[in-house]
Amino acid sequence: MSQKKVTINEESRRRLSPWRVLFALLMLGGIVTGGIFGSMYIKAMQSKTSTDPWFAGYVDVTAMPTFAFEQIGSTEHRDTILSFIVASPKGDCTPSWGGAYTLDQAGTVLDLDRRIARLQQQDGTIAISFGGLKNNELAVKCHDVAKLKAAYASVVERYNIDTIDLDLENNGLNDAEASTRRAEAIAQLQAERRASGKHLAVWLTIPVAPQGLTEAGTNAVSLLLAKGVDLAGVNVMTMDYGRSRAKDQTMLAASESALLQTHRQLSVLYQRAGTRLNDASIWSKIGATPMIGQNDELAEVFTLDDAKAFNEFARQRGVGRMSMWSINRDVPCGSNYVDLKIVSDSCSGVKQEGGAFAVLLGNGFKGSLSLSAGLVTKETASSTTQKPDDPATSPYQIWSPEGAYLQGTKVVWHHNVYQAKWWTQGDVPDSPVLQAWETPWELIGPVLPGEKPVKQTTLPAGTFPEWSGGAAYDTGQQVLFKGVPYQSKWWNQGESPAAASSNPNSSPWVPLTQTQIDDIKAAKAE
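These numbers were taken from a predicted model, which means no experiment stands behind them. (Residues numbered from 1 in each chain as written. Predicted model: local features only at pLDDT ≥ 70, side-chain atom pairs only at ≥ 80, totals over all residues. Heavy atoms only, no water.)

Enquirer: Would you mind going over the pattern of salt bridges with me for this structure?
Expert: Side chains that differ in sign of charge can pair as their charged atoms come close. Applying the stated rule across the entire model yields ten salt bridges. In this structure, the salt-bridge partner of D104 is R158, at a minimum N-O distance of 2.6 Å. With D104 in helix 4 (residues 103-109) and R158 in helix 7 (residues 145-158), this pair connects stretches of sequence that are 54 residues apart. We classify D104 as exposed; its relative accessible area is 53%. For R158, a relative accessible area of 33% puts it in the partly exposed group. Of the charged contacts, one joins D230 and R194 as a salt bridge, the two residues approaching to 3.0 Å between their closest N and O atoms. Taken together, the residues D230 in the loop between helix 10 (215-226) and strand 9 (231-237) and R194 in helix 9 (residues 176-195) connect sequence positions 36 residues apart. Overall, R194 belongs to the partly exposed group, its relative accessible area being 31%. (Salt bridge = Lys/Arg side-chain N within 4 Å of Asp/Glu carboxyl O. Helix = DSSP H or I, 4+ residues; strand = E, 2+ residues; numbered from the N terminus. Buried < 20%, exposed > 50% of the residue type's maximum accessible area, 1.4 Å probe, protein only.)

Put into structure tokens, the structure is as follows:
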């Protein structure tokens, strides 16, 4: 730009309107103010939030061979969760990548900072996961809450992230003192960031069984809520079920059951914490992370068909997040990998196209990890009175506190179908318990529109003695009445099983369950 002095005559001064002057000043000051307006624009963008569910697979940063996660910026799902930050072997309160690299070393040796920047250039977003299976999560080793908070903050600030993931396993999940330190440090950090206008979404990632979260898992959720952490959600690792999965239960069925039970448990945990959330809000706070392909458990393989069906199940219920372990593994193992039953860090162990699991699991999860970070938990439960169950539109009998129910008996309560896991009387089917073993009832699902009472299955004559009005029956004896099998709940004589349908609570007879009938038929067939 020329430094020559310019003389402005009177005529030209008259032509400079106030608006032109303002425009000129803004243009001349653009270099100075650009940063200010840019920051305002970025802040405005960051203040936007979205409830849309999102997908982001995990990347094991230190696994070999090094995975080029920055390349997913060219795919549909650009968000990723980098793992794992743990305590450094050289400093208990020093964060490190996998115990192998300090943050600075990772920037140099792994070129991590530059690769993150490349992903962000392509509109990708990262979250960072603390913990994992193999090393010590920071709170396990760092015993000073202030130093622990500073350690978490140093990671958040270095990588300029607004979402963190606490992957708690082994000592990270079971060490009560570490859990308390972690909850206090995270609560303080989240509060400070929110006070300064910044977001910090906190996801808790923990193991799960088909029966739901373990006691250690529910304790972890409860403690974080009690200390004031606003959880973005609880992400359950639908993998490595081991003995908790029944022999005839598929990986898909086990994973679906795990989500249903987690939903029930979170409802209870939030209610106990003083925040009542409706079903949809609870589902939005649930994440799922299957281990794609061959799991660590030899008999467990999560297939492409499982991924497709699991995605549909999760979307139908409004699950807030879908992830997978891991993007590193979302490729076939190749002909030179000999034993596919041995889990690899860099391939799935099943036949697939590269990236196939991400496509199937991420289908329909269109939200952004970053845009969901600004959400704040607010009470959503309705106080409206629920309509009573109607026998005319219920497939099974309505539960009653006076009723006695055999194992396998199905009942309707609050418009849901429950099945008895063992003999029960007086146990409310939807009683708010955390662990499945605390209740004799298993939730099957809702009563569907247009349902009518299910007709009782009959058995051939001669399967049991025909009921007789003159005979006396001890507890547990079985009879046939018009082809329908019944079992005696207590000693009785002269009391017809016909009354069991109209007055099931006072009748000494209960019809056998479908499961019991199927067992009887199978035994007869043999």
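Enquirer: What am I meant to see in the sheet that holds strand 15 (residues 410-413) here?
Expert: Sheet strands pair via backbone hydrogen bonds, and the direction of the pair is either parallel or antiparallel. On the basis of which strands lie adjacent, the open sheet formed by three strands has the order 15-16-18 and antiparallel pairing. In the strand order of this sheet, the two ends are held by strand 15 and strand 18 (441-446), each with one partner. Between one strand and the next, the sheet's axes are offset by a mean angle of 30°, whatever the strand orientation. As paired strands, strand 15 and strand 16 (residues 416-420) are joined by four bridges and run antiparallel to one another. Opposite K410, over in strand 16, you have Q419 as the bridge partner. (Pairing = 2+ DSSP bridges. Axes fitted to C-alpha atoms, helices over the stretch in contact; angles between N-to-C directions.)

Enquirer: Even after reading the chapter, I still don't get helix 11 (residues 251-272), so can you show me in this structure?
Expert: Residues separated by three or four positions in an α-helix point in the same direction, a consequence of the helix having 3.6 residues per turn. With 22 residues, helix 11 extends 31 Å between its outermost C-alpha atoms, agreeing within 8% with the 32 Å of an ideal straight helix rising 1.5 Å per residue. G274 occupies a position one or two residues after helix 11 and carries a positive phi of about 95°. (Expected span 1.5 Å × (residues − 1).)

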